[in-house]
Amino acid sequence: MATSDWRLEGEWIKNCNCAFGCPCDFNARPTLGYCKGLVGMRITKGHFEGTRLDGLVFAVTVDFPGALHEGNGQMQPIIDERATPEQREALFSIMSGKHSAEGTLFHIFSLIVTKIHDPVFAPFEFSFDKDGRVARVVAKGLLETEVEPIKNPVTGDPHRIQVVMPEGFEHRAAEIASANIRSTGAIKFDTAGSHSSLANVVQTPEGVAA
């Protein structure tokens with residue numbers, strides 16, 4: 001598979017409608033039998049060939065009728081409106097999976113998604129505290145999600161748990177938290193107290209570098 005020189009380093013959020021501890025991370029079926037969710041990233045340092053991507057935010061909402069590996073998914077890219085035409089094209093090139101090795105995140109997405117809704121461009125708010133398990137992402141008029149620590153059901157104290165995936169294609173380690181999601185774009189859904197993963201990641205054409 002053709003690859004190019006690119007790298008995305010930054011703060012990564014995966015929120016979905018499943019119970020805490022995303023079943024996909026364990027090769028299990030989605031909690032409700034289907035998956036609606038999102039991934040989002042603030043790129044602290046990145047590029048595609050000669051195009052710099054530092055500071056940009058993107059999100060992708062998804063809808064799968066069953067387990068992700070069964071395919072037939074839908075997705076809608078939401079891109080930071082500050083991105084220049086060259087930066088937009090660079091992000092689309094990365095997301096296409098055409099510039100990634102087999103078995104890597106974006107390549108896998110290219111195989112399991114059969115419908116891509118038109119991308120939209122929006123102003124973003126993005127706050128992220130991985131160790132505190134607190135985050136907020138807003139794509140104005142399209143998507144809002146807040147993350148907070150899972151609470152002990154008896155005491156109400158914050159509950160901390162991590163998932164470590166030494167051979168993960170999305171991240172190597174993530175803090176697990178609780179998410180509320182309101183998606184009003186092409187893929188509509190609303191959740192409260194559902195799954196969240198927060199991670200610092202480095203993605204390259206060969207896969208996760210950190």
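Residues numbered from 1 in each chain as written. Predicted model: local features only at pLDDT ≥ 70, side-chain atom pairs only at ≥ 80, totals over all residues. Heavy atoms only, no water.

K.L.:
Which residues make up the pattern of salt bridges, and what values do they have?
P.N.:
Counted by the stated rule, this structure contains 12 salt bridges. A salt bridge links R82 to D80, with the shortest nitrogen-to-oxygen separation between them at 2.6 Å. Residue class for D80 comes out buried when judged on its relative accessible area of 2%. Ionic pairing is found between E144 and R182, a salt bridge with its closest N-O pair at 3.0 Å. (Salt bridge = Lys/Arg side-chain N within 4 Å of Asp/Glu carboxyl O. Buried < 20%, exposed > 50% of the residue type's maximum accessible area, 1.4 Å probe, protein only.)

K.L.:
Please give an account of helix α1 (residues 85-95) that cites residues and values.
P.N.:
Those residues of α1 lying buried are Q87, A90, L91, S93, I94 and M95. Next to the buried residues of α1 lie β1 (6-16), β2 (35-48), β3 (51-52), β4 (57-64), β5 (73-80) and α2 (105-112). Note on α1: the residue one or two positions beyond its end, G97, has a positive phi of about 80°. (Helix = DSSP H or I, 4+ residues; strand = E, 2+ residues; numbered from the N terminus. Contact = heavy atoms within 4.5 Å.)

K.L.:
With reference to specific residues and values, describe unusual backbone geometry.
P.N.:
Phi angles above zero are rare outside glycine, and N27 is one such case at about 60°. Inspection of the secondary structure assignment puts N27 in the loop between β1 and β2. Note on N27: relative accessible area 77%, which makes it exposed. Even without a glycine there, the phi angle at R133 is positive, about 55°.

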